[in-house]
Amino acid sequence: MMIRKHIDLLVAIIWSIISITRGLNFVTTQGKLVESYEIGRAQRLFWCSLAIFFAIIAIYAFCKFFVNAIKNDGSERKILIYALPFLFVFMSYFFITYVRAYNASYYQGDEKLVWDAAVNMYPYFFVYLSEIYLWSFFILPTSIAPTIVKIFMEAMIMGYIVWRVKKYYKTKNAYFIYLLCMLSPFYTLGVEIHRMQWYSFIYLFVMVKLFFDIREKNNLPFKWVNVITMIFLISLLSVLRREGLYLILLGLILLLMAYGSISERRVTIIMIAIFLVAEIIVYLPVLKNGMDEKGTTTTAIIVHMLGEKSLNRDVVSKELEVLDKVFDIEIIDRYNTDMGIEAYDKNYYDEIGWNSNYYFIHREVVEATPEEIEDAYHNLILKQPIVFLKSRIRAFLAAGREESAYNLYLPSFILLAELLYSIIKKNKEMLLIFGCVLIHISITTLAMPASFFKYFFEMYLMSYTFIIIVILDNIKSRNLGTMLVADRRE
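Here we summarise the structure given alongside this text.

Rules of the game
Residues numbered from 1 in each chain as written. Predicted model: local features only at pLDDT ≥ 70, side-chain atom pairs only at ≥ 80, totals over all residues. Heavy atoms only, no water. Helix = DSSP H or I, 4+ residues; strand = E, 2+ residues; numbered from the N terminus. Rg over C-alpha atoms; globule rule 2.2 N^0.38 Å. Buried < 20%, exposed > 50% of the residue type's maximum accessible area, 1.4 Å probe, protein only. Contact = heavy atoms within 4.5 Å. Areas by Shrake-Rupley, 256 points an atom, 1.4 Å probe, with all protein chains shown as cover. Lys, Arg positive; Asp, Glu negative; His and termini not counted. Charge placed at Lys NZ, Arg CZ, Asp CG, Glu CD. Expected span 1.5 Å × (residues − 1). Arc of directions from axis to C-beta. Patch = residues over 30% accessible without salt bridge, like charges linked within 9 Å, V, L, I, M, F, W, Y side chains within 5 Å. Salt bridge = Lys/Arg side-chain N within 4 Å of Asp/Glu carboxyl O. Phe/Tyr/Trp six-rings, centres within 6.5 Å; stacked < 30°, edge-to-face > 60°. Lys NZ or Arg CZ within 6 Å of the ring centre and 35° of its normal. Polar contact = N/O pair within 3.5 Å; in protein donor to acceptor, adjacent residues only side chain to side chain. Core = buried A, V, L, I, M, F, W, Y, C linked by side-chain atoms within 4.5 Å.

Next up on the list: the overall build of the protein. Within the protein, the secondary structure is distributed over 20 helices and zero strands. The C-alpha radius of gyration computed for the protein amounts to 25 Å, which stays within 12% of the reference 23 Å derived for 490 residues, consistent with globular compactness. Taken along the three principal axes of its C-alpha coordinates, the protein extends 75 × 70 × 50 Å. Across the 490 residues in the protein, those meeting the buried criterion constitute 51%. By sequence separation, contacts in the protein at least 24 residues apart represent 78% of the contacts at least 6 residues apart. Split by element, the accessible area of the protein, about 24600 Å² in all, is 65% carbon and sulfur. Computed over 49 positive and 45 negative side-chain charges, the separation of the two mean positions in the protein equals 13 Å.

Given below as structure tokens:
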């Protein structure tokens, strides 16, 4: 009887022992086969222990959730049922497209570099992404663990969203969210495991949960576990992508709207203190050891600004003279002329060997100091700010120009319509959430090194998910208005 009562804990203990034991063996063995990263033994032990700690929490949470779903006809069972179609779509695409092509180099490019860093217990590759991989290895000790863990995570996120929308609006129209499965980026990026693909689904979950927690604030019990979880996720989102910095302020405001209380000031103050401590904890290691992405962005901005016909080169002649000591401006001009809009697609000018180095812009000998280069770069933008903005807008247009489901113009229009709706309806939580997304894509557009669709995947998911929420919200408010008018007439 005791075993049946605590079956979730028993399964979690057995799973944890097997996974952690085999995971340590897997990581140790694989770590010897790849390039080593410079990190002290104490740091390796700390980050490995942290990954094991979070793996145990994830394993127990999943076991408890799954057992509750089987035993009781409650929220867990509904979420699990709603998650199954998403899981089927993700897993089907994964097995058809990826497993069929499985080989020794399953992870390639940046994903392989992150994978190598993870088995070396190096956490900072792409700002904690390698730590997430390492955490995955202790949940499922297999080479494709990051992919499997992510697929299950995002399927559960989508199941939760369907459940939450259906529960709040009391309508089967929540099932329209399944239409996302018809959009190829949804399942394609759903099985990819680069940083933005993880980030986007976590971002979607946080924003949807905060929205409904704010709406149902008076009907939901206050739970510190819930608050701490949201603080952790917001803190992670604020650091995992550099454009998420705004969440330190706006994320805190949303958190207080959802869980803060004027009558319980002590609780609110503790909540703020925990949030600020969490932000410090996640930022300090990255500030000291995190991967520097500044170089690629700086080069991209210079290349793209030089591609603008409205650039007044006489005004920035001194800056161009300095930059020409680092980059061959003649080659940059050739690159922009020949490539056209495709010049934004990828950093071809940075790739050694691409097209026989015909467009490789870096000079072998740099005749300028780092300080001179930095000043020239900043002055180029400050003296020609309109040109800078035009080049950044063109970079966004390049990212969204596909005539397919990858087109970003429609979700951008939907986002603006959602923002306008929130203003008209004076809906504070919607306004703040859509404002967060708008700030996010604005920072992304200003700072991205190349026009990749994946940089805007978070906006893509938010726009298409929340348009259903907005429509249902409008229907609910109209019905409520009709009922109030009827009551007054009676």
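So, next bit.
Two residues of an α-helix separated by three or four positions point the same way, owing to the 3.6 residues in each turn. For helix α16 (residues 370–383), with 14 residues, the first-to-last C-alpha span of 20 Å sits near the 20 Å given by 1.5 Å per residue. For α16, the complete set of buried residues consists of Ile 373, Ala 376, Tyr 377, Leu 380 and Ile 381. Down the axis of α16, the buried set is contained in an arc of 130°. They therefore lie on one face. Exposed positions of α16 whose direction lies more than 90 degrees from the buried face are Glu 371 and Leu 382.

Looking now at a nonpolar patch on the surface. The grouping of Leu 9, Ile 13, Ile 17 and Tyr 60 at the surface amounts to a nonpolar patch, some 360 Å² of accessible area in total. Tallying contributions element by element places helix α2 (residues 7–31) first for the nonpolar patch, with three residues. You can see Tyr 60 is positioned in helix α3 (residues 41–71).

As a further point, take the packing of aromatic side chains. For the coordinates displayed, the defined rule picks out 41 aromatic pairs. Both rings, one in Trp 47 and one in Tyr 124, keep their centres 5.6 Å apart while their planes meet at 80°; by these two values the pair is edge-to-face. One end of the pair, Trp 47, is in helix α3; the other, Tyr 124, is in the loop between α5 (110–119) and α6 (129–137), with 77 residues separating them in the sequence. One exposure class covers both Trp 47 and Tyr 124, and it is buried. Here the aromatic rings of Tyr 168 and Tyr 169 are separated by 4.7 Å at their centres, their planes lie at 85°, and the arrangement is edge-to-face. Summarising the burial analysis for this pair, Tyr 168 and Tyr 169 share the class buried. Site record: aromatic cluster; members linked through ring pairs are Tyr 82, Phe 86, Phe 90, Tyr 175, Tyr 178, Phe 186, Phe 201, Tyr 406, Phe 453, Phe 457, Tyr 460 and Tyr 464. Directly above the aromatic system of Tyr 168 lies the positively charged group of Lys 476, at a separation of 3.7 Å from the ring centroid.

Considering the arrangement of structural elements, one finds Thr 465 in helix α20 (residues 457–489). Not counting residues up to four positions away in its chain, the partners in contact with Thr 465 are Ile 161, Leu 180 and Leu 204.

Mapping Asp 213 onto the fold places it in helix α9 (residues 195–215). Of the polar contacts made by the side chain of Asp 213, one reaches the side chain of Arg 164; its length is 2.7 Å. Those residues within four positions of Asp 213 in sequence are excluded, and the remaining contacts are Arg 164, Leu 220, Asn 226, Ala 258 and Tyr 259.

The next subject is the nonpolar core. With 142 residues, the main nonpolar core has Phe 86, Phe 186 and Tyr 203 as its most contacted residues. In this structure Tyr 203 touches Leu 237, Tyr 246, Leu 247, Cys 436, Val 437, His 440, Glu 458 and Met 462, once residues within four positions along its chain are discounted. In this structure, Ala 300, Met 305, Tyr 348 and Leu 380 belong to the second largest nonpolar core, which totals 31 residues.

Our focus in this paragraph is the pattern of salt bridges. Enumeration over the complete set of coordinates arrives at 15 salt bridges. Notably, a salt bridge pairs Asp 213 with Arg 164, separated by 2.7 Å at the nearest N-O pair. Highlighted residues: Asp 213 in helix α9 and Arg 164 in helix α7 (residues 145–169), separated in sequence by 49 residues. For Arg 164, a relative accessible area of 4% gives the class buried.

Quick look at the environment of Ile 59 now. Locating Ile 59 in the fold gives a position in helix α3. Here Ile 59 falls in the buried class, since its relative accessible area comes to 1%. Separated by 93 residues in sequence, Ile 59 and Phe 152 place their C-alpha atoms 12 Å apart. Dropping the residues within four chain positions of it, Ile 59 is found in contact with Ala 12, Trp 15, Ser 16, Phe 138 and Ile 139.

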